[in-house]
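If you want the building blocks of each chain, they are given just below.
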Amino acid sequence: MDSSSPIKPIPLPAQEEDPPNPSTALLSFNTDSGTSPSQKHFTTIIFIALLLVTCIALAASGAFAFLFFSSPSQTPITPPISESSRARDLTKLTQSVVLLISSDGFRFGYQFKTSTPNIHRLIANGTEAEMGLIPVFPTLTFPNHYSIVTGLYPAYHGIINNYFVDPRTGDFFNMGSHEPKWWLGEPLWETVVNHGLKAATYFWPGSEVRKGSWTCPDGLCKFYNGSVPFEDRVDTVLQYFDLPSSEIPVFMTLYFEDPDHQGHKVGPDDPEITEAVARIDRMIGRLIEGLEKRGVFEDVTIILVGDHGMVGTCDKKLIFLDDLAPWIEIPKDWVQSYSPLLAIRPPPGVSPSDVVAKMNEGLSSGKVENGKNLKVYLKENLPSRLHYAASDRIPPVIGLIEEAFKVEQTRSKRKECGGAHGYDNAVFSMRTIFIGHGPQFARGKKVPSFENVQIYNLVTSILNIQVGQISQVTMCFRVAKFSQLGPDINMSDVIQTQQIVVFLRLKVSCNPCRFFAHCRFST
Ligand SMILES: [Zn+2]
């Protein structure tokens, strides 16, 4: 991407056309539909048109639920299979088991850096997002891991950054905060336990939080400790399969810090990354071998993802807030995070609109070094596809920084190069991987890129359990393209809005829930 270009949303391929086939529906209900303001008028004709268009979109998006279970592509695969339009029968396990694995910062494309025979075995015999998995904005570790397991955007699940302040209480959140008040929504382990089933977490942001029916039980819930060797983590997960069949947790997580760790240090193109990727592949190999020894490899559903990508950063691509002084002074204590997500909460009495106007005036003046690579917004004016407004926790002023640039307060003589993530999720370098392997995934199938908020629904579909109440309502909204609405919105309030009137009418004429077995809408 040309670093000199102004910040603008990069259109995703699937957004550019209406969904003529089920695959494009992967994005159709997560991104803006390009609805013009005139369409919002409630004239009869436009209402009918909207209804029809939405119904078509719903029909297409409904097919998403079956996308992962449909027939394979032409890709040569081994071993040959006869029919894969339906789930393959379990041979040893008595129920479906999903193992969700995260390799932190596994940028899409890393799988080609070196020989990764084990990852490629999963790809060849499973289903892959051919051009990668799209993270949510901001493309940071905690917001994304929690979106994967809740199916919610950060504004709705509450983890809007790796660290932030709750403006109502003044309390600070950081990555060690385990109080349930921070963690909204219903993560998969809680949904699973709500259904009387067992879940086991070997590290995942939010998994140590005791919330609802999830008690983070001893033996099934590991408290984060980055010094535990990866091999031990894999071996512990394998031991769950030595339990009597009825006691095997049906949902498990497994987390590796690499290659994110190396990516920050040396950027995405260093040989150190290559070695980290090879190591992750060896862990996948260790896992496959252990599952094969137990005779359950073909029965277990493995979903291998990352949380975000990585891009190289260097000292020439810096923007300093102090350089804006001729237009506006931005004191340090207004700034909640600098890079790659600039988040500013001005004190009471200072107008956020004024801050935005003056900052943008300075940045676009041509007199601020690299100024054109930062654009500042009131959060409600951010591109709506980012879904980054509907939470008090999100500060009112947000800056979108061009890929690979960084914002700092003050000039320094520090010289360093490394890697970063957190940028606009439309930036390709922020993409990560999605690979699904198991009885309900078609073999050798490629699907278009989709956002990681779909994974919650995918896992509950595989486990054949109903989604949580909160996620359920939110997903129904999303299906209807009203994803600005959040789980904390009172139904009786939203019912007054035009969109919900449309939605309720849809329920009668084009019920989205018939496309999504686990999306039940009730008022
Ligand atoms: Zn991460």
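Here is what the cut-offs are and how they apply
- Residues numbered from 1 in each chain as written.
- Predicted model: local features only at pLDDT ≥ 70, side-chain atom pairs only at ≥ 80, totals over all residues.
- Heavy atoms only, no water.
- Buried < 20%, exposed > 50% of the residue type's maximum accessible area, 1.4 Å probe, protein only.
- Helix = DSSP H or I, 4+ residues; strand = E, 2+ residues; numbered from the N terminus.
- Pairing = 2+ DSSP bridges.
- Donors = N, O, S within 2.8 Å, 3.2 Å for Na, K, Ca; no water.
- Tetrahedral: all angles 85-135°; square planar, octahedral: opposite > 155°, others 65-115°.
- Disulfide = S-S within 2.5 Å.
- Axes fitted to C-alpha atoms, helices over the stretch in contact; angles between N-to-C directions.
- Contact = heavy atoms within 4.5 Å.
- Parallel < 35°, antiparallel > 145°, perpendicular 65-115°, else oblique.
- Nonpolar A, V, L, I, M, F, W, Y, C, P; charged D, E, K, R; others polar.
- Left-handed = near helix turned anticlockwise from the far one by under 90°.
- pLDDT = per-residue confidence, 0-100.
- Expected span 1.5 Å × (residues − 1).

A. How the structure looks around the pairing of strand 1 (residues 97-103). Burial runs high along strand 1: seven of the seven residues are buried. Burial of the side chains of strand 1 extends over both faces: Val 97, Leu 99, Ile 101 and Ser 103 are buried on one face and Val 98, Leu 100 and Ser 102 on the other. Both strand 1 and strand 8 (residues 300-305) contribute to a ladder of six bridges, which runs parallel. Its bridge partner being in strand 8, Val 98 is matched across the sheet by Thr 301. Across six bridges, strand 1 lies against strand 7 (residues 251-256) in parallel orientation. The residue of strand 7 that forms the bridge with Ser 103 is Phe 256.

B. Looking closely at the coordination of the zinc ion. Around the zinc ion, the protein supplies Asp 104 (OD), Thr 141 (OG1), Asp 307 (OD) and His 308 (NE2) as donor atoms, at distances of 1.9 to 2.1 Å. In this structure, the zinc ion is surrounded by four donor atoms whose angles at the metal cover 96 to 135°, and the resulting shape is irregular. Between consecutive donor residues of the zinc ion, the sequence gaps follow D-x36-T-x165-D-H.

C. A look at the state of the cysteines. As enumerated under the stated definition, the model contains two disulfides in all. Two residues, Cys 216 and Cys 221, share a disulfide whose sulfurs are 1.9 Å apart. Because the sign of the S-S torsion sets the handedness, a value of about -75° for the bond joining Cys 216 and Cys 221 places this disulfide among the left-handed ones. Each member of the pair, Cys 216 together with Cys 221, is buried.

D. Quick look at the sheet that holds strand 13 (residues 374-378). Taking strand neighbours across the sheet as the criterion, the four strands line up as 11-12-14-13 in an open arrangement whose pairing is antiparallel. On the outer flanks of this sheet lie strand 11 (335-337) and strand 13, each paired with one strand and no other. Going across the sheet, the axis of each strand differs from the next one's by a mean of 25°, ignoring polarity. Sitting on the sheet, helix 11 (residues 352-363) is in contact with strand 12 (341-344), strand 13 and strand 14 (397-401), with an inclination near 165° to strand 13.

E. Representation of the packing of helix 4 (residues 117-124) against helix 10 (residues 271-293) in the model. Where helix 4 contacts helix 10, the two axes come as close as 7 Å, and the packing angle between them is 60°. In terms of axis orientation, helix 4 runs oblique to helix 10. Touching Pro 117, Asn 118, Ile 119, Arg 121 and Leu 122 of helix 4 are Asp 281, Arg 282, Ile 284, Gly 285, Ile 288 and Glu 292, all from helix 10. Its residues assigned to classes, the contact of helix 4 with helix 10 comprises five nonpolar, two polar and four charged.

F. Spatial organisation of the packing of helix 8 (residues 230-240) against helix 10. At a minimum axis distance of 10 Å, the contact between helix 8 and helix 10 shows a crossing angle of 25°. The angle between helix 8 and helix 10 places the two elements in the roughly parallel class. For the crossing formed where helix 8 meets helix 10, the hand is right-handed. Across the interface between the two elements, Phe 230, Glu 231, Val 234, Asp 235, Val 237 and Leu 238 of helix 8 pack against Arg 279, Ile 280, Met 283, Arg 286, Leu 287, Gly 290 and Leu 291 of helix 10.

G. Expanded view of the confidence of the model for the protein. For the protein, per-residue confidence averages 80 on the pLDDT scale, and 73% of positions sit at 70 or higher. Within the model, pLDDT remains below 50 along residues 470-523, and this stretch shows 118 contacts once partners closer than five positions in the same chain are excluded.

H. Geometry of helix 11. Spanning twelve residues, helix 11 covers 16 Å between terminal C-alpha atoms, matching the ideal 16 Å at 1.5 Å per step. Where the residues of helix 11 are buried, they touch strand 10 (318-320), strand 12, strand 13 and strand 14.

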